[in-house]
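Structural description and commentary
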Amino acid sequence: MSSTSSTTSGAAKPASTRAKPANKWEQAADWTDGRLGIYSLAKTNLRKIFPDHWSFMLGEICLYTFIIIILTGVYLTLFFKPSMGEVVYNGSYIPLKGIPMSEAYASTVDISFEVRGGLLVRQIHHWAALVFVAAMFVHMMRVFFTGAFRKPREINWVFGFLLLVLGMFDGFFGYSLPDDLLSGTGIRFMEGAVLATPLIGTYVQMFLFGGEFPGHDIVPRFFTIHVLLIPGIMLGLLVAHLILVFYHKHTQWAGPGKTEKNVVGMPLMPVYMAKAGGFFFLVFGLIAAISAIASINPIWAYGPYRPDQVSTDAQPDWYMGFSEGLIRIMPGWEVSLWGHTLNLGVAIPLMVLFPMVLVSIAAYPFIEGWITGDKREHHILDRPRNAPVRTALGAAWISLYLVLLAAGGNDLFATHLHLSINSVTYFVRVGMFVVPVIVFIVTKRWCLGLQRRDKEKVLHGRETGVIKRLPHGEFVEVHAQLPQKDLHKLTAHEQIEPFELPAETDENGVASKANVLDRTRAKLSRGFYGEGSQIPKPTSEEHHEITSGHGHH
Amino acid sequence: MSHDMSEEKLPESHGSAGHHEVAAHGDPFADPGLPAHEPRRTDIDERAAKRAERQVSLMFVVSMLATIGFIASYVAIDPDKIVYIWPLGHVSALNFALGMTLGLALFLIGAGAVHWARTLMSDHEIPAERHPIEADDEVRADVIEQFRTGAAESGFGRRKMIRNTLIGSMALVPLSGVVLLRDLGPLPEDKLEHTGWEEATDAKPLQLINMNTNQPMKAEDIITGSLTFAMPEGLSTHDEDFQQRIAKDALMLVRIAPENIKDDKSKEKGFEGILAYSKICTHVGCPISLYEQQTHHALCPCHQSTFDLADGARVIFGPAGHPLPQLKITTDEKGFLVAHGDFDEPVGPSYWERAR
Amino acid sequence: MKKLSARRRHPLAALVVLLLALAATGGLYAAFAPAGKAQADVAAQSLAIDEGKKLFAVGCSSCHGLNGEGSSDGPSLVGVGSAAVDFQVGTGRMPAQQPGAQVPRKPNIYSQAEIDQLAAFVASLGPGPVTPTEEQYTSTNPDDLSKGGELFRTNCAQCHNFAGQGGALTQGKYAPSLEGVDAKHIYEAMQTGPQNMPSFPDSTMPEEQKKQIVAFVRHTTNDEPNPGGLTLGSLGPVTEGLFGWIFGLGALIAVAIWVAAHTTKAKKS
């Protein structure tokens, strides 16, 4: 390289050693490569392989709804006035005529009724937000149940988790902006929650609201947080998340030809450009159609916010529903000590339980990694049944989440199922402890049952439905041996041996007591992978014995 | 579901190797390797490929038409026009037309692209090699060596004074940012401890103003079983600080037959069975006002805290931690309901500095 | 037939027969009962009271006592006024199937003429809110809509929801939906405070304001279009979330399955 440059520098006109570009496009590409080095970048990425499975596209739904939210959000900022200055409504919506309201509310009503297409964009923005968080949730569950969070992807799991939490909060801030009766009630709730913070609550409240509730600052401040601060952080995390997905290469299901050392699928160019690019349009199109069909957050019907007014069915958007549930089922504990009050009825659910529910799932990969002590990279996904305790824990977590979500809508459960709101609440108070335990047990047994069935299928083949009569008169069903690709798929997973403590006494008879951490680890490991937590998978010897012995029966 | 035999045997006919042979000899569970590629109809039948091509183009064409429809709807449809569309009901014609055309235009681009990829682009599955994320030992040693060299050259570890003062200055500098936040709001002081009713004194009591009529009320206006909301005299919905004031001053007036009032202190604060409670829930501050006139229970619509208004607004259910504050009321010489002072405890949700 | 005869000796059989007979009698009565004729003149008033008393004795006295003095099964009706009777009977709540805190709305079994007679009788027991006339509850001023909306959000939405869809109260009680409720009955409910609903008497909520609220409720539950599409029950974010999960994410996942699925192979088709 250096020799070429030295020779050309001597010549009159500098020449490139590169072949002459075939056309204008190549010329443009060469120009760009000379400045950005795109060829080396594209070399590894243009034909990057992605495996095909519907569950691998859940993350794409998140990405695309996020893009849709940004596009529509930018449009909305062109018309929305984040101000709490009072105006008297004089627009085309008759039931609000002459009513004093904030500019934020009035401009949102105007977006809905005066700006052509404004209502559609508002609804796309909001529907996309609901689907965004829902898709992140399902995406995270997919990663959880397939063990895709294992090394080397733990950090990306944390990035994803942060995106989920930020998405939830950004949704909450966005829901608060129009200053309608529902969102104002939500902000009032937030004020009460902030006040319940021990020690600093009143200071945080005054600083956040610029004085007493509601003041004139909260909507503009939330606006900045909603459109700039949180989306900015999310964008950064999102890019990092995607870079890591590219860098790690996608996980894949076990199957013929698929190993820990490869990834089997179709290339980015052209198949995934078409499929993933097309999927963006499919997602956007579907959400636009939903926004034509179903109304969301009809703020004109809620009316402007006034702290002395309220409507029943005061709930947050669904993703905050489980925290609403925690608040609703909490008993009214309040402690007074030395002239101070601790509002445990709010502080415990919001400052202890709410983060606990989220962090418990976020921390799981690290806990599992510690228990297994597994330091290897994993690129082949687990079938959920092959990790019964993990699957059962995940199911229990989901059930807890759902129970709390139901508690967040306890009034609607009461009216629509003709129940008493008090009984619903009592049920959830007990249910949040009992239901996850039941779900854990049922799921684990279910997984073990499926493992047994797999084993049965591997050893005895598939039921053909053909009945054969044996010479001595017995009827048997003919079982067909599975093809090798299926045998491989059903036995490809490895089964983890529980972690054993070193012997209590070493070879010299000196007692070497393991420390508490190791003993806990050993106990957990037995619970995860010991007897009763997995069915030993069939061995080739077992298979030989059965297939060569008395044949199919 | 009964599979027919020929279909079941299908994979064998073009598999890389006979499975049963492998199973008989080696490990039956061994990875048989990637299955051979099977062609799609469009790969072998030019007519099918042409058909797929036409389908894809058709989708793109319809998408174009939908975009034209979108623009036409935007121009032609009056934003106030309401149409009946089954089963949606009476909806905005513009919203429906725009949403449907935009949805169609976008969806068909996507559907066309995916159909194209699925039928006409190669569906050969290709394995790509993975490389371990971890660097090998040589690289690792090299990097650590480089770092050590750099660290040694900086003298960061050796010149402790520089290190410590740098850490000190870095730790202090963010404080400027924290200090800058001071003017976000005022200090709480005792702002949460009193309400607009504090202006009421024995010398100059404040009338209770009916939220509906904006007029003062007489005791006989409040009948047993009724529910009325009130604010202090002098407050108007058009005041600059109306929202802050009403967030604390709002009252809920009920009248309960005196013999049904269980709490004597509460009865005393009332006037002939008229009780004036704060409308602001002591849990997180929703305006609580779901009053059941037969049970005298008031329920909060946000988190279902239930207060017994006949028993000093004791909490009988839900997450609220203490009773609703009650305002002592009486009547003035003209017979209008008035208050002579503030609540004797802070209204709304409790907080750290709250004394009780 | 065999099934029927097998159940003849069932302990509840007698009850079923009795209920059927009662329903048939009631239905026939409703069908053949004299239709309401104009009985506006003053002389007819005492006649109406007499007729009402007879009807009362048959339909109401078992709980409310022969003279409306009340019993353990039903409250005293002295002073509840004709508006209360018109509301309770007109919406089918009375006669109640069983006494209790929450008496649901059901098809009304009396003709308006009979309701008026009952109301006249109960009104004669003691002064109380009077059945409103049509002018009282029919708004003609277009500004009433927004004023009514503001009053509704102050006084009513906490129980009946922002769109009049109703909501939960304590211990299984509920505030009913206002959908399809007659303007007159909405007005009367505010006047009289039926069951657990507090009353909003004219002294604290003047007639004019009740009219405005009625205008708003009728508009919201009847005439108000839903510009954005399906209202999803006008129940706020809960049903929106449910819809978003099922039809939003659900549809997207269905599409994802199509996108990711392998194209059918030629051999199998």
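Along every chain, residues carry numbers that run from 1 in the direction the sequence is written. Throughout, the order in which chains and ligands are written sets their labels, letters from A for the former and numbers from 1 for the latter. Only residues with pLDDT of at least 70 get local features here, since the model is predicted, and only at 80 or more are side-chain atom pairs given and counted; chain-wide, interface and lining totals rely on the full set of residues. As a rule here, side-chain values come from all non-hydrogen atoms in the structure, and water together with hydrogens is ignored.

Concerning the overall build of chain A
Formally: Numbered from the N terminus, helices here are DSSP runs of H or I no shorter than four residues, and strands are runs of E no shorter than two. Type-normalised accessible area, obtained with a 1.4 Å probe on protein chains alone, sets the label of each residue: buried when under 20%, exposed when over 50%, and partly exposed for intermediate values. Note on contacts: a residue pair is in contact if any heavy atoms of the two residues lie within 4.5 Å. In this description, accessible areas are obtained by the Shrake-Rupley approach with a 1.4 Å probe, and a residue is regarded as covered only by the protein chains that are shown. When charges are counted, Lys and Arg contribute as positive and Asp and Glu as negative, whereas His and the chain ends are disregarded. The atoms used to mark charge sites are NZ of Lys, CZ of Arg, CG of Asp and CD of Glu.
A tally of helices and strands in chain A yields 20 helices and eight strands. Each principal axis of the C-alpha atoms in chain A carries an extent, and together these give about 90 × 90 × 65 Å. Counting every position in chain A, which comprises 553 residues, the buried fraction comes to 55%. Restricting the contact set of chain A to residue pairs at least 6 apart, pairs at least 24 apart contribute 74%. With the model as given, the accessible surface of chain A reaches about 24200 Å², and the carbon-plus-sulfur share is 67%. Each charge class in chain A can be summarised by its mean position, and for the 47 positive and 44 negative side chains these summaries are 8 Å apart.

Concerning the state of the cysteines
Let me state the cut-off plainly: Note on terminology: pairs of cysteine sulfur atoms within 2.5 Å are recorded as disulfides.
One pass over the full model with this rule turns up one disulfide over all chains. Free cysteine C300 of chain B: the closest other cysteine sulfur is in C281 of chain B, separated by 4.0 Å. Under the relative-accessibility criterion, C300 of chain B is labelled buried at 2%. Looking at the unpaired C156 of chain C, the closest cysteine sulfur is the one in C159 of chain C, lying at 8.7 Å.

Some thoughts on the sheet that holds strand β7 (residues 274-278) of chain B
Within a sheet, each strand pairs with its neighbour through backbone hydrogen bonds, oriented either parallel or antiparallel. Residue and element names in this part refer to chain B. Worth spelling out the cut-off: In this scheme, strands are said to pair when DSSP sees at least two bridges between them. Geometry is summarised by axes, namely lines fitted to C-alpha atoms with helices restricted to the contacting stretch, and by angles between N-to-C directions that run from 0 to 180 degrees.
Across the sheet, seven strands lie side by side as β12-β7-β6-β5-β4-β14-β13; this open sheet has antiparallel pairing. In this open sheet, the two strands that pair with only one neighbour each are β12 (326-327) and β13 (329-331). Bridging between strand β6 (residues 251-255) and β7 involves five bridges; their strand directions are antiparallel. Note on β7: the bridge partner recorded for M252 is Y277. Contacts from helix α9 (residues 242-249) reach β5 (227-232) and β6, with the element oriented near 125 degrees to β5.

Some details on the interface of chain B and chain C
Selection rule: A simple way to read buried area is as the amount of 1.4 Å-probe accessible surface that goes missing from two parts once joined, with both sides added. Whenever Lys or Arg places a side-chain nitrogen within 4 Å of a carboxyl oxygen from Asp or Glu, that contact is recorded as a salt bridge. In protein, a polar contact means a hydrogen-donor-capable atom and an acceptor-capable atom, both N or O and within 3.5 Å, with residues adjacent in sequence counting only if both atoms are side-chain atoms; elsewhere, any N or O pair within 3.5 Å suffices. The classification used treats Ala, Val, Leu, Ile, Met, Phe, Trp, Tyr, Cys and Pro as nonpolar, Asp, Glu, Lys and Arg as charged, and all other residues, Gly among them, as polar.
Every contact between the two is made by 48 residues of chain B and, on the other side, 41 residues of chain C. In total, chain B and chain C occlude about 3500 Å² of area from one another, counting both sides; carbon and sulfur atoms represent 56% of this. It is R118, N212 and E292 of chain B in chain B that bury the most area against chain C; as a group they hold 19% of the surface buried on that side. On inspection of chain B and its partner chain C, the count reaches two salt bridges. Taken together, the links from chain B to chain C amount to 25 residue pairs in polar contact (both at pLDDT 80 or more). It is helix α5 (residues 93-119) of chain B that contributes the most residues to the side of chain B that touches chain C, six residues altogether. For the side of chain B that touches chain C, the per-class residue count stands at 20 nonpolar, 19 polar and nine charged.

Purely spatial values, then, with no claim about function.
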